[in-house]
Every structure is written in C-alpha cells, then in structure tokens.
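Residues per chain, in single letters:
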Amino acid sequence: SVHPGSYVMSGSINSGAPIYIKVSAEYNESSISKILKVNEQINKIQPKAEIFINKFVKYYTPIVTVIAAALIIIMPLLDHMNFIKWIHRALVLLFVASPHILTLSVSLAFSAGTDCASKHGILIKNKGNIEKLSRLETVVFDKTGTLTDGVFKINNIHSEDGFNNLLEYAAHAE
C-alpha cells in the first residue's frame, strides 16, 4: 500500500482508487529497465550445449536434405519408377529428422530453467551457469549471512584426512 509521499516502483499494480505519481527517474534508471537489460544480456550469451547444437544443425540439415533428394531421385529408378512412394518416404524423413526440434528443445530447456529460477527469486545472468549447475556435486556455505532463511542441518560429514571427530572439532572451534 502507498500513502502520499511513498516511493512507488515501476511495474507496480494499482488495485484501488486512482492515484497520482510523480516520476522521479528516467526509464533508463528504473528497476524494470535494468532487469530487461540483464535479460537481454542473458539471451546474447549462448551455453556450450546451444552452441554445439547450432553447429551440429549447420551440417545436419544439408545432409538430411541430400538424403531426402536422393530418395526422390534414385530410389524410384530402382523401384519400378514408383515416384509417389519415394516422395512420401522422403517427406516423412524430412519431417522426422527435422533439426528444428533439436534447436528448439535445447533453447526451451534453458529458457524454462531461467524462468523457473526467476519464479523463485533467482536471477541467472548467464544460461551457461545452468550447465555448470548440472555438474555440481558439493555446495559449501559459510555462516556470514549468505543463507538467511530455512532450517539447515548437517546430514553427512566425509573426512579424507582422518578427522573422524570433525563435527566435534567444528563445534569446539565455533
């Protein structure tokens, strides 16, 4: 809720009576414009998987097209001039082997990941970080306020250098 003199952020929703708002900053300085700029930067940076798929499709598409053309031109000569049958099969091949599904599925996966994270208040500035998260094995947090909510407990301690009482030592140090 706002009162006279309150600060109102851009993108706020007015669900009550009409209000008058004085603009105090230009669009380029607004929060929404900064978020849009970050989103534009996110979309410019391509993850390794997306780069690979784009390179793959660059070679894959002409190969599939040549194979389909060969089905239409060569196979009827070997099959009693049955052009309709082989045109149909070539079209099925083009449909099934469409590279658009590959490129679309990879970019949709990254978009879904960034969208899901943003719904939970996490802004991912680089889609490549999603790839890095998939290889994540261990997460270590310090106690300086990095995590501010939730109840955490230690589930497992693994000590490679023989400290069997590591939890006890940590408690004494604390």
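In this report, we go over the structure that sits alongside the text.

About the criteria used
Residues numbered from 1 in each chain as written. Predicted model: local features only at pLDDT ≥ 70, side-chain atom pairs only at ≥ 80, totals over all residues. Heavy atoms only, no water. Helix = DSSP H or I, 4+ residues; strand = E, 2+ residues; numbered from the N terminus. Buried < 20%, exposed > 50% of the residue type's maximum accessible area, 1.4 Å probe, protein only. Contact = heavy atoms within 4.5 Å. Areas by Shrake-Rupley, 256 points an atom, 1.4 Å probe, with all protein chains shown as cover. Phe/Tyr/Trp six-rings, centres within 6.5 Å; stacked < 30°, edge-to-face > 60°. Lys NZ or Arg CZ within 6 Å of the ring centre and 35° of its normal. Core = buried A, V, L, I, M, F, W, Y, C linked by side-chain atoms within 4.5 Å. Axes fitted to C-alpha atoms, helices over the stretch in contact; angles between N-to-C directions. Parallel < 35°, antiparallel > 145°, perpendicular 65-115°, else oblique. Nonpolar A, V, L, I, M, F, W, Y, C, P; charged D, E, K, R; others polar. Expected span 1.5 Å × (residues − 1). Bend = angle between axes of the 7 residues up to and from the residue. Patch = residues over 30% accessible without salt bridge, like charges linked within 9 Å, V, L, I, M, F, W, Y side chains within 5 Å. Salt bridge = Lys/Arg side-chain N within 4 Å of Asp/Glu carboxyl O.

## Considering the overall build of the chain
Looking only at helices and strands, the chain features 7 helices and 0 strands. Beginning at the N terminus, the succession of helices and strands in the chain can be written as α-α-α-α-α-α-α. Each of the 174 residues in the chain was classed as buried or not, and the buried ones make up 16%. Sequence separation of at least 24 residues holds for 49% of the intrachain contacts in the chain that already meet a minimum separation of 6. Carbon together with sulfur atoms contributes 62% to the accessible area of the chain, which is approximately 14,800 Å² in total.

## Quick word on the packing of aromatic side chains
In this structure the tally under the stated criterion is 2 aromatic pairs. The interplanar angle of 20° and the centroid separation of 6.1 Å between the aromatic rings of Phe52 and Phe56 together place this pair among those described as stacked. Placement of both Phe52 and Phe56 in helix α2 (residues 48–73) is noted, with a separation of 4 residues, approximately one turn of the helix. Phe56 sits in the partly exposed class, given a relative accessible area of 36%. Their ring planes at 25° and their centres at 5.1 Å tell us that Phe56 and Tyr60 sit as a pair that is stacked. Remark: Tyr60 and Phe56 occur in helix α2; sequence separation between them is 4 residues, near one turn of the helix. Taken together through their ring pairs, the aromatic side chains of Phe52, Phe56 and Tyr60 make up a single cluster. Stacked on the ring of Trp86, the Lys or Arg Arg89 has its end atom at 4.8 Å from the ring centre.

## Observations concerning the environment of Ile67
Examined against the element boundaries, Ile67 turns out to sit in helix α2. Under the relative-accessibility criterion, Ile67 is labelled partly exposed at 44%. Taking the C-alpha atoms as reference, Ile67 lies 8.1 Å from Ala90; in sequence the two are 23 residues apart.

## What to know about the nonpolar core
Formed by Ile53, Val57, Val106, Phe110, Ala117, Ile124 and Ile130, the largest nonpolar core amounts to 7 residues. Put simply, the parts of the chain that give this core at least two residues each are α2 and α5 (99–119). Of the residues forming this core, the biggest block, 3 residues, is contributed by α5.

## Some words on the packing of α2 against α5
Between α2 and α5, the shortest axis-to-axis distance is 10 Å and the interhelical angle comes to 175°. Between α2 and α5, the interaxial angle falls into the category roughly antiparallel. Here α2 contributes Ala49, Glu50, Ile53, Asn54, Phe56, Val57, Tyr60 and Thr61 to the contact with α5, which in turn contributes Pro99, Leu102, Thr103, Val106, Ser107 and Phe110. Partitioning the contact of α2 with α5 into residue classes produces 9 nonpolar, 4 polar and 1 charged.

## What to know about α2
Given 3.6 residues per helical turn, the α-helix brings residues three or four places apart onto the same face. Compared with an ideal rise of 1.5 Å per residue, which puts 26 residues at 38 Å, α2 spans 38 Å between its outermost C-alpha atoms and is within 8% of the ideal. The largest bend along α2 reaches roughly 30° and is located at Val57.

## Focus on unusual backbone geometry
Most of the time, phi is negative for any residue but glycine, and the peptide bond is trans. Non-glycine residue His80 carries a positive phi angle of around 55°. Residue placement: His80 occurs in the loop between α3 (75–78) and α4 (83–96). Of the residues examined, His80 reaches a relative accessible area of 76% and is grouped as exposed.

## Some remarks on a nonpolar patch on the surface
Residues Ile72, Ile73, Ile74, Leu77, Leu78, Met81, Phe83, Ile87, Leu91 and Leu94 make up a contiguous nonpolar surface patch of about 940 Å² in total accessible area. If you list the elements that add at least two residues to the nonpolar patch, you get α2, α3 and α4. Ranked by residue count, the leading element in the nonpolar patch is α4, at 4 residues. Assignment of secondary structure puts Ile87 in helix α4.

Remember, this is a structural readout, not a statement about activity or role.
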